Amino acid sequence: MTETETYQISLEAAEVYESRFVPAIFAEWAPLLVDSAAVRAGQAVLDVACGTGIVARTAADRMGDDGAVVGLDLNEAMLTVARRIRPDLRWQQGDAADLPFPDRAFDVALCQMSLMFMPDRARAVAELARVTRAGGTVGIVVPAGITEQPAYRRLVDVAVDEAGPDAASLLDAYWSCGDLGELRSLFTAAGLHDLDLRTHLGTARFGSVDEMVATEVEGSPLGGRIDDATYGRIRERARSELAEFENPDGVAAPLRGHVVVGHVAHGATPDR
Ligand SMILES: C[S@@+](CC[C@H](N)C(=O)[O-])C[C@H]1O[C@@H](n2cnc3c(N)ncnc32)[C@H](O)[C@@H]1O
């Protein structure tokens, strides 16, 4: 299977992503990223690994009619939903590691909550820098590491207790790119400078602890590795371990993320 095929999800899953997970988790970060990158009218903006397009839409709203936005993702179903919501923007399938755009095509290149899934992060950041004009801006958002996530850390601890130490790495994808030193190095190696690294405390909202557990476990490789009894014990223990994060609407889990912005030097030549 090619990497492009691996990432295909159904249209139904992409609609669930948009209706449930974008408002509950991802929407909060888009204005922070767009503001940090100082997106303004008249710019050409690229949203890499755009999913259903929350960052692209936010950037387009900032620019009104004056600007051009492209959203790119590996996943066709995500792009189908993005197109349904904003047919006026340009949506294109492609790989962050090999962007199908010429050098310096954009004023701003953004990537939200996706770099942690990419096998070659250095290459992905270098590609963001390559397609950004001299003096332009590259910005990303990634979740901070698991030690900075009080609610998620408890869930991982419960999973490790019940399913063994491998559970930590099986649940690790989201938290694997949260080291600020590593992020700084990735940006610097891509020739980006005047870096601005900020950590923001956001919230991931779920209807219940069970829903949070289902999202984390079933959405990760752990889901396919544990039997029903183990899954039941994880769910049961999580209900008490995460009780302090419950409210009348469900669960509000703190979610810390890093917003990192850098600039392409004036007069820089793209690195390949
Ligand atoms: C958690 S979603 C984030 C989507 C969107 N940026 C948001 O904030 O809602 C991760 C996205 O990364 C995409 N993705 C993962 N690896 C990719 C790659 N190498 N190139 C392009 N897209 C990729 C997935 O298809 C998915 O849509």
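Residues numbered from 1 in each chain as written. Predicted model: local features only at pLDDT ≥ 70, side-chain atom pairs only at ≥ 80, totals over all residues. Heavy atoms only, no water.

## Quick notes on the packing of aromatic side chains
One pass over the full model with this rule turns up five aromatic pairs. Here Phe117 and Tyr174 contribute two aromatic rings whose centre-to-centre distance is 5.0 Å and whose plane-to-plane angle is 85 degrees, an arrangement assigned as edge-to-face. One end of the pair, Phe117, is in the loop between β4 (106-112) and α6 (121-130); the other, Tyr174, is in the loop between α8 (166-170) and α9 (180-189), and 57 residues separate them in sequence. On the basis of relative accessibility, which here comes to 31%, the residue Phe117 falls in the partly exposed class. Of the residues examined, Tyr174 reaches a relative accessible area of 29% and is grouped as partly exposed. Centre to centre, the rings of Tyr174 and Trp175 are 6.1 Å apart; their planes meet at 50 degrees, and the pair counts as tilted. Aromatic ring contacts, followed pair by pair, group Phe117, Tyr152, Tyr174 and Trp175 into a single cluster. When the ring centre of Tyr231 is taken as origin, the NZ or CZ atom of Arg235, which lies over that ring, is 4.4 Å away. (Phe/Tyr/Trp six-rings, centres within 6.5 Å; stacked < 30°, edge-to-face > 60°. Helix = DSSP H or I, 4+ residues; strand = E, 2+ residues; numbered from the N terminus. Buried < 20%, exposed > 50% of the residue type's maximum accessible area, 1.4 Å probe, protein only. Lys NZ or Arg CZ within 6 Å of the ring centre and 35° of its normal.)

## Quick notes on the nonpolar core
Proteins that are soluble and globular tend to have nonpolar side chains buried together. If you look at the biggest cluster of nonpolar residues, it comprises 86 residues, and the most contacted ones within it are Val39, Leu46, Val48, Leu110, Leu115, Ile140 and Met212. Apart from the residues within four sequence positions on either side, Leu46 is in contact with Val70, Leu72, Leu99, Phe101, Phe106, Val108, Ala109, Leu110 and Val131. (Core = buried A, V, L, I, M, F, W, Y, C linked by side-chain atoms within 4.5 Å. Contact = heavy atoms within 4.5 Å.)

## Some points on helix α3 (residues 29-36)
What α3 keeps buried is the set Trp29, Ala30, Leu33 and Val34. Mapping the buried residues of α3 onto a view down its axis gives an arc of 125 degrees, with all of them on the same face. Contacts made by the buried residues of α3 are with α2 (11-26), α4 (54-63), β4, β5 (132-143), β6 (192-206) and β8 (250-264). Positioned one or two residues after α3, Ala38 has a phi angle of 50 degrees, which is positive. (Arc of directions from axis to C-beta.)

## Observations regarding the site of the ligand
Around the ligand lies a shell of 20 residues, among which Tyr17, Ala49, Asp73, Ala96 and Gln112 are the nearest. Tyr17 is positioned with one of its side-chain polar atoms (N or O) 2.6 Å from an oxygen atom of the ligand. Residue Asp73 places a side-chain N or O atom 2.6 Å away from an oxygen atom belonging to the ligand. The fraction of the free accessible surface of the ligand (600 Å²) that becomes covered by protein chains is 96%. Across the shell around the ligand, the residue classes tally to 13 nonpolar, five polar and two charged. (Near = heavy atom within 4 Å. Polar contact = N/O pair within 3.5 Å; in protein donor to acceptor, adjacent residues only side chain to side chain. Areas by Shrake-Rupley, 256 points an atom, 1.4 Å probe, with all protein chains shown as cover. Nonpolar A, V, L, I, M, F, W, Y, C, P; charged D, E, K, R; others polar.)

## Description of the UniProt feature "domain: Methyltransferase type" (unreviewed entry) in the protein
The sites that UniProt annotates as "domain: Methyltransferase type" (unreviewed entry) are residues 46-138. Measuring from the first to the last C-alpha atom of residues 46-138 gives 10 Å, for a span that is 32% helix and 29% strand. (UniProt positions renumbered as here; feature names shortened; annotations may be inferred.)

## As for the pattern of salt bridges
Across all of its chains, the model carries 18 salt bridges by this definition. Close ionic contact of Arg62 with Asp35 constitutes a salt bridge, the shortest N to O distance being 2.7 Å. In this pair, Arg62 is assigned in helix α4 and Asp35 in helix α3, connecting sequence segments 27 residues apart. Classification of Asp35 by relative accessible area gives partly exposed; the value is 47%. Arg133 is paired through a salt bridge with Asp107; the nearest N and O atoms lie 2.6 Å apart. In this pair, Arg133 sits in strand β5 while Asp107 sits in strand β4, placing the two residues 26 residues apart along the sequence. The network of salt bridges with shared partners includes Asp161, Glu162, Arg233 and Arg237. (Salt bridge = Lys/Arg side-chain N within 4 Å of Asp/Glu carboxyl O.)

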